[in-house]
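The lines below spell out each chain.
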Amino acid sequence: MKPALITLALLSLATAHAVEPRVIRLDSSSPGRVFEGVGAVSAGASTRLLPDYPEHQRSQVLDFLFKPKFGAAFQHLKVEIGGGENSTCGSEPSHAVTRAELADPKARGYEFWFMEEARKRNPQIMLEGLPWAFPGWLEGRFTQDSADWFAAFLEAARKHHNLEIDWLAAAQNEMGSDLPWIRDHLRPTLDARGFKHVKLQAPDDSQRYWEVFDEFEKHPDVKPLISAAGYHYLNGREPWEIDQTRNIHPATDKARQSGMPLWASEEWSQSGRTWDGKGALYLARLINKLYTRDLTTKYLIWCPIDSIYDQILWADTGVMQADSPWSGHYDVWPAVWAVAHTTQFADPGWIYMDKACGQLDPDTWRGSHVALRNPQTGDWSTIVTSGENRKIRILLDKNLKFGPVHVWRSTATEQFVQLTSLTPVDGAIEFELAPDAIHTFTSTTGQQKGSHGTPPARKPFPLPFTAAFEDQKPGDTPRYFSDQKGTFEVVARAEGGNCIAQIMPEEGILWAHAGKLPMPHTLFGDTAWSDTAIEADVQISGGHVAIGSRFADRKKLGWHLTLTHDGQWKLHWQENERAKGTLSSFDASKWHKLRLETHGTRIRVLIDGTQVAEAASASPSQGMAYLASSYHRNLFDDVRVMDVTGADH
């Protein structure tokens, strides 16, 4: 044969091979692990603003997160067991801020409420708790104190919200666990307190990957006490590429062969606003990859929703956004529908068919597929992510449900669209995948792209702003305030009415990745605020209080006026002292009014109506307002922020 003809023949063979469909054979007898769900981790104060939404829009957002066959339909919710210290985007309050509160733990914050709302929408959802930080009264992370504190969390959920929690992560987030502590303290304490049904997951680590299976060999009596092994970011944190070959942490043979369920117990932590790159398509690809590669049966993302202020770390993270409660506006991002391609088509208890899980091309995870079946009904679903255009051929097992094959597709331009159903021919279907897309093929019905219509338009934070706390009750988290360190809570005033107090009596056991922040403080307002005056009435029981504006950095704050219990005051720009003085005949037991004005480059400070200092900034800046306190039960009331643009100073 002539060289030109040989070349033409080879090209013809290559072309024929290129268009050959990828065969996915569904085999009901295939081995496979039990699917345990796709869920989310509400922690690090990432859900802070959602409870402050008007009820109508708040309920709609909750539907998109948890309602089955409506939106993301999360099947597992893990929440932070608050410790009153910064845990990423803020601090979450503890159910027991003192040892005395162990006898009557409080349902502080919003995580108990969040779990209750999730279970209202999906009674089958699995609930779990995990601490990032611990209150300071505990005698260490893994002690009898901490075991009692874990049990008190379960008691608060049961007593105040009628919730039975399914799982506890027996660990400190991303800082591992202690197996003898689980055996000698945690498990016996839970059993004695009426929580034998609560399963334990460990070590919830982001280091020492899969080493817990080596530790089980040293402590074989502990392994039966652990019902799942969870690790974070099994595909690494950077770079965010599905095919990266460095900084990845595949399950070891020992882990895969252990018989213990393996969890990706925190993953992703990116914005669901975008499609490709770090966004929704990457999320779907990763869910497929981590089962096929590691046999992980549960996949939890951080976080369910961006419900934090834009000036806080990790804003814009989650599958949807609800960070404007004063307007009621929210956004449903593409990642909601990326998750729905799995959760609306397979329930926990379904079984993976391993022979139908794999890559479309062995050189990349951009295109992959997993298949699951319902062992009771024979229903099945196959979730496929694509890179390039590719044809697939799905061969159906006669023992699986036969009939029309329903097809759903998401692309960058349009998500969760139901296509024309396919009729199997000779027990098979063929389909050409769209590029960079997610497809689900299924025998099931009832899915929907849920909608509640158009939410209200976004509006800036209200200015002027006034908070007197009379429309809330003692124990509430003050509306629109986002604690970054410590805990600020609505309390009753001795004279009648309400105010807020910083209630943490001492610094807690910190989460290592949060870093050391200067003092308890809580943020509110708008990142664009510049020419404002912030006022607050304060009563100082000890240490100091502060009001601040033009927040710039959580470790350095912004402009702030500090007043101590002995009448000393200081004005700072971040860490730089700009003025100071002492008030004569100061009585800390009385209420005092602090006022901090920022107008262009001019800064003015007033205490009880008298100007005590004036300073200048190098240039105008912008940022939110905040209150701060030492670790004392100091009080704040009648907080106001006013626009002083154009004011005559």
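Caption draft 1: A look at the packing of aromatic side chains. Applying the stated rule across the entire model yields 37 aromatic pairs. Their ring planes at 50 degrees and their centres at 4.7 Å tell us that Trp-210 and Tyr-231 sit as a pair that is tilted. Placement of the pair is Trp-210 in the loop between β6 (199-205) and α6 (212-218) and Tyr-231 in strand β7 (residues 228-232), with a sequence separation of 21 residues. With respect to class, Trp-210 is no different from Tyr-231; both count as buried. Centroid distance Phe-481 to Phe-524: 4.5 Å. Interplanar angle 40 degrees. Geometry classified as tilted. Placement of Phe-481 in the loop between β22 (465-467) and β23 (482-485) and of Phe-524 in strand β26 (residues 521-524) is noted, with a sequence separation of 43 residues between them. A single burial state applies to Phe-481 and to Phe-524, both of which are buried.

Caption draft 2: The arrangement of the environment of Asn-634 in detail. Topologically, Asn-634 is positioned in the loop between β35 (625-629) and β36 (635-643). Its relative accessible area of 0% is what places Asn-634 among the buried residues. Taking the C-alpha atoms as reference points, Asn-634 and Pro-456, 178 residues apart in sequence, are found 37 Å from one another. Apart from the residues lying within four places of it in its own chain, the contact partners of Asn-634 are Ile-500, Ala-501, Gln-502, Gln-539, Ile-540, Ser-541, Gly-542, His-544, Val-545 and Ser-629. One polar contact links the side chain of Asn-634 to the main-chain carbonyl oxygen of Gly-542, over a distance of 3.0 Å. In this structure the side chain of Asn-634 is engaged in a polar contact, spanning 3.1 Å, whose partner is the side chain of Ser-629.

Calculation criteria
Throughout this document, residue positions are counted from 1 along each chain, in the order its sequence is written. This being a predicted model, a pLDDT of at least 70 is required before a residue's local features are given, and a value of 80 or more before pairs of side-chain atoms are given or counted; all residues contribute to the totals for chains, interfaces and linings. Where side-chain values are given, they derive from all heavy atoms of the structure, hydrogens and water being excluded. Here a Phe, Tyr or Trp ring, Trp counted by its six-membered ring, pairs with any other such ring whose centre lies within 6.5 Å, and the pair is stacked when the planes are under 30 degrees apart, edge-to-face when over 60, and tilted otherwise. Secondary structure elements follow DSSP: runs of H or I of four or more residues count as helices, runs of E of two or more count as strands, with numbering from the N terminus. When accessible area is computed with a 1.4 Å probe and restricted to protein chains, residues below 20% of their type maximum are described as buried, those above 50% as exposed, and intermediate ones as partly exposed. Two residues qualify as a contact provided that any one of their heavy atoms is within 4.5 Å of a heavy atom in the partner residue. For the purposes of these results, a polar contact is taken to be a pair of N or O atoms within 3.5 Å, where, inside protein, one atom must be able to donate a hydrogen and its partner to accept one; residues adjacent in sequence count only when each atom of the pair is a side-chain atom.

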